[in-house]
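Next come the chains, spelled out residue by residue.
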Amino acid sequence: PSETVQMDKSRVLAFVTRKGSSNSHTAILARTMNIPALINIEYDDSMDGKMAIVDGKSGSLIVEPDADTLKKYQDQKDEELHQRAMLKELKGKTTETKSGHKIHLYANIGSTGDVASVLANDAEGIGLFRSEFIYLEKENYPTEEEQFEVYKRAAVICKNKVLTIRTLDIGGDKDIPYMGLTKESNPFLGYRAIRFCLGRIDVFTTQLRAILRASAYGNIRIMLPLITGVSEVRSVRTILQNVMRELDSKEIPYDKDILLGVMIETPAACMLADILAKEADFFSIGTNDLTQYTIAVDRGNENVAYLYSAFHPAVLRSVKRIIECAKRENIEVGMCGEAAGNPAMIPLLLAFGLDEFSVTASKVLETRKNIASWTMKEAAAVTDTVMGMSPEKEVSAYLSDYIATKMSNGK
Ligand code: PEP
Ligand code: MG
């Protein structure tokens, strides 16, 4: 991920890696940066310097394509650009279902550089700013001042649109050499995200102070990753209150009503969602991790990637439960995991009652179009059928058939 985030977008058309999975942060970042990428592809040095087609749709790498293949892909690319141009008609429109049910549609970003594309794609705000990429780009911990400038710039560009800053989510597949994290056998189960922050209060406090100061310039919300229990949220609230008191004493302005949200991305948080909903100001469902932890399938391991699916009935039941618990406590609930941008997931999320979808910027308009194609009644009927199914493959097959038919009928 640190190499991806440092890529000069103006010089990279696409990239291919030998290892990894499409749920790794390298792949997610590539999507955020709108760079076509293939992960877990066989290639060798003999391909160096040759022309190649990177087909992100089918997942194939075609080295030295013949004239016919090249023409076929050029036509496909033109068609894709045409489709995108058509989606521009949806700019300025509200996001709502065919039956008029309104939805908040946000985008995910990894740096302030991505904010421009969020606005260009007409997202209502930012549902996830992966703040760790500020740390990944650096040779050492970014100072409070450096972070303040980044968050403030993002807040100012967003004007009064929501800007949800997720606090440092380091560890797992994101290692930062200067942090001196020890090698762990199970990094995704280890010293990661909120665990690191609560272990390094100095680093965490610096970040919170920078975010709070920036909150005077826009509509910022704070979001905590990898929460597994109530104590973690309470500890953060105490730290946050201390930072606020310090800012008060120096008369430094900040948003005193800033919202503190929790990512629900572990089975523990899902089981405790009824209680966490009383502690958090909002929820955001992180399906990338929720899927990995619920099915016990490493999101970065290509050997078990066949098991990884947010359509697994256990994940769907979790998502339903989380949304229900949020509703019961009247807090907003969104989804910022990749599943939010999956057209087949949309009817389920609508029927469960999700308030906010946060997707990659390039998928915002497509998601608006997809949401507009469902009535709540149709979404509920599809969801009833799906929730009655047990094998994961049956769910995926049913949904892709249903959506293909729906699209071919132009509904
Ligand atoms: C998630 O886990 O779904 C998520 C949005 O966070 P990340 O992919 O950065 O772990
Ligand atoms: Mg996560």
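Here the structure is a predicted model, which is why all the values come from computation and not from measurement. (Residues numbered from 1 in each chain as written. Chains lettered and ligands numbered in written order. Predicted model: local features only at pLDDT ≥ 70, side-chain atom pairs only at ≥ 80, totals over all residues. Heavy atoms only, no water.)

Colleague: Now, about the side chain of Thr-266: what can you tell me, with residues and values included?
Modeller: Inspection of the secondary structure puts Thr-266 in the loop between β9 (259-264) and α10 (267-271). A polar contact of 3.0 Å, which involves the side chain of Thr-266, links it to the backbone oxygen of Ile-227. If near-sequence neighbours (up to four positions away) are discounted, Thr-266 is found in contact with Leu-226, Ile-227, Thr-228, Leu-290 and Tyr-293. (Helix = DSSP H or I, 4+ residues; strand = E, 2+ residues; numbered from the N terminus. Polar contact = N/O pair within 3.5 Å; in protein donor to acceptor, adjacent residues only side chain to side chain. Contact = heavy atoms within 4.5 Å.)

Colleague: Before we move on, can you summarise the site of ligand 1 with the specific residues and values?
Modeller: Around ligand 1, a shell composed of 15 residues is seen, among which His-25, Arg-130, Gly-286, Asn-288 and Arg-299 lie nearest. Arg-130 is positioned with one of its side-chain polar atoms (N or O) 2.8 Å from an oxygen atom of ligand 1. With respect to ligand 1, the side chain of Arg-192 contributes an N or O atom lying 3.5 Å from an oxygen atom. For ligand 1, the protein covers 100% of the area, taking 280 Å² as the surface of the free molecule. Of all elements in the fold, only α2 (25-32), β6 (125-130) and α12 (287-295) reach the threshold of two or more residues within the shell around ligand 1. At 3 residues, the largest contribution of residues to the shell around ligand 1 is made by α12. Split into classes, the residues belonging to the shell around ligand 1 amount to 4 nonpolar, 5 polar and 6 charged. (Near = heavy atom within 4 Å. Areas by Shrake-Rupley, 256 points an atom, 1.4 Å probe, with all protein chains shown as cover. Nonpolar A, V, L, I, M, F, W, Y, C, P; charged D, E, K, R; others polar.)

Colleague: I'd love a proper account of the coordination of the magnesium ion (ligand 2), names of residues and values included.
Modeller: Expected angles at a metal are 109.5 degrees for tetrahedral coordination by four donors and either 90 or 180 degrees for octahedral coordination by six donors. Of the protein atoms, only Glu-265 (OE) and Asp-289 (OD) coordinate the magnesium ion (ligand 2), at distances of 2.0 to 2.1 Å. In this pair, Glu-265 is assigned in the loop between β9 and α10 and Asp-289 in helix α12, connecting sequence segments 24 residues apart. With respect to burial, Glu-265 and Asp-289 carry one shared label: buried. (Donors = N, O, S within 2.8 Å, 3.2 Å for Na, K, Ca; no water. Buried < 20%, exposed > 50% of the residue type's maximum accessible area, 1.4 Å probe, protein only.)

Colleague: Can you explain the pattern of salt bridges? Please cite residues and give values.
Modeller: Under the counting rule described, the total for this entry stands at 29 salt bridges. For the salt bridge of Arg-321 with Asp-274, the shortest nitrogen-to-oxygen distance reads 3.2 Å. Taken together, the residues Arg-321 in helix α13 (residues 313-328) and Asp-274 in helix α11 (residues 273-279) connect sequence positions 47 residues apart. With a relative accessible area of 25%, Arg-321 lands in the partly exposed category. Residue Asp-274 is classed as partly exposed on the basis of its relative accessible area of 31%. (Salt bridge = Lys/Arg side-chain N within 4 Å of Asp/Glu carboxyl O.)

Colleague: Account for the packing of aromatic side chains, naming residues and giving values.
Modeller: The full count for this structure, using the stated rule, is 6 aromatic pairs. A centroid spacing of 5.6 Å and a plane angle of 65° characterise the contact between Tyr-191 and Phe-196, whose relative ring orientation is edge-to-face. According to the relative accessible area criterion, Tyr-191 is partly exposed, its value standing at 33%. Classification of Phe-196 by relative accessible area gives buried; the value is 1%. Taking the centre distance of 6.0 Å and the plane angle of 45° together, the rings of Tyr-398 and Tyr-402 count as tilted. Here Tyr-398 and its partner Tyr-402 are both found in helix α17 (residues 392-408), 4 residues apart, which amounts to about one turn of the helix. Members of the aromatic cluster, joined through ring pairs, are Trp-374, Tyr-398 and Tyr-402. (Phe/Tyr/Trp six-rings, centres within 6.5 Å; stacked < 30°, edge-to-face > 60°.)

Colleague: Break down the nonpolar core for me, citing the residues and quoting the values.
Modeller: Formed by 103 residues in total, the largest nonpolar core has its most connected members in Phe-129, Tyr-151, Leu-163, Phe-283, Ile-285, Val-319 and Phe-357. For this core, the element with the highest residue contribution is helix α9 (residues 230-249), accounting for 8 residues. Once residues lying within four places of it in the same chain are set aside, the contact partners of Phe-357 are Ile-103, His-104, Leu-105, Tyr-106, Met-335, Ala-340, Ile-346, Leu-349, Leu-350, Thr-367 and Ile-371. (Core = buried A, V, L, I, M, F, W, Y, C linked by side-chain atoms within 4.5 Å.)

Colleague: Kindly report on the pairing of strand β12 (residues 356-360), identifying the contributing residues and their values.
Modeller: Within β12, 5 of the 5 residues are buried, leaving the element largely enclosed by the surrounding structure. Both strand β5 (residues 104-109) and β12 contribute to a ladder of 5 bridges, which runs parallel. Note on β12: the bridge partner recorded for Leu-105 is Phe-357. Handedness of the crossover joining strand β11 (residues 332-335) and β12 through helix α14 (residues 346-352): right-handed. (Pairing = 2+ DSSP bridges. Right-handed = clockwise from strand over helix to strand, strands pointing away.)

Colleague: Quick rundown of empty space enclosed by the protein? Include the residues and the values.
Modeller: On inspection of all chains with the given rule, the structure shows 1 cavity of 30 Å³ or more. Around the largest cavity sit 14 residues that line it, and Arg-130, Arg-166, Met-263, Glu-265 and Asn-288 are the ones nearest its centre. Sorting the residues of the lining of the largest cavity by element identifies β6 and α12 as the ones contributing at least two each. Per-class residue counts for the lining of the largest cavity are 3 nonpolar, 4 polar and 7 charged. (1 Å grid on protein atoms, 1.4 Å probe; cavity = no way out; pocket = protein on both sides within 12 Å on 5 of 7 lines; lining within 4 Å. Points joined across faces, edges and corners; volume = space filled by probe spheres on them.)

Colleague: Give me the lowdown on the packing of helix α16 (residues 376-387) against α17, citing residues and values where you can.
Modeller: Contact pair α16 / α17: the axes reach a minimum separation of 10 Å and the direction vectors enclose 155°. When the interaxial angle is binned, α16 and α17 end up roughly antiparallel. As α16 runs across α17, the sense of the crossing is right-handed. Residues Glu-378, Val-382, Thr-385 and Val-386 of α16 lie in contact with α17, whose contacting residues are Val-395, Tyr-398, Leu-399, Tyr-402 and Lys-406. (Axes fitted to C-alpha atoms, helices over the stretch in contact; angles between N-to-C directions. Parallel < 35°, antiparallel > 145°, perpendicular 65-115°, else oblique. Left-handed = near helix turned anticlockwise from the far one by under 90°.)

Colleague: Any chance you could break down the packing of helix α6 (residues 144-158) against helix α8 (residues 201-214) for me, citing the residues and the numbers?
Modeller: α8 packs onto α6 with a crossing angle of 35° between their chain directions and a minimal axis gap of 8 Å. Crossing angle aside, the handedness with which α6 passes α8 is right-handed. Counting all contacts with α6, which are made through Glu-144, Glu-145, Gln-147, Phe-148, Tyr-151, Lys-152 and Ala-155, the residues of α8 involved are Thr-206, Gln-207, Arg-209, Ala-210, Ile-211, Arg-213 and Ala-214. Of the residues belonging to the contact of α6 with α8, the class tally is 6 nonpolar, 3 polar and 5 charged.

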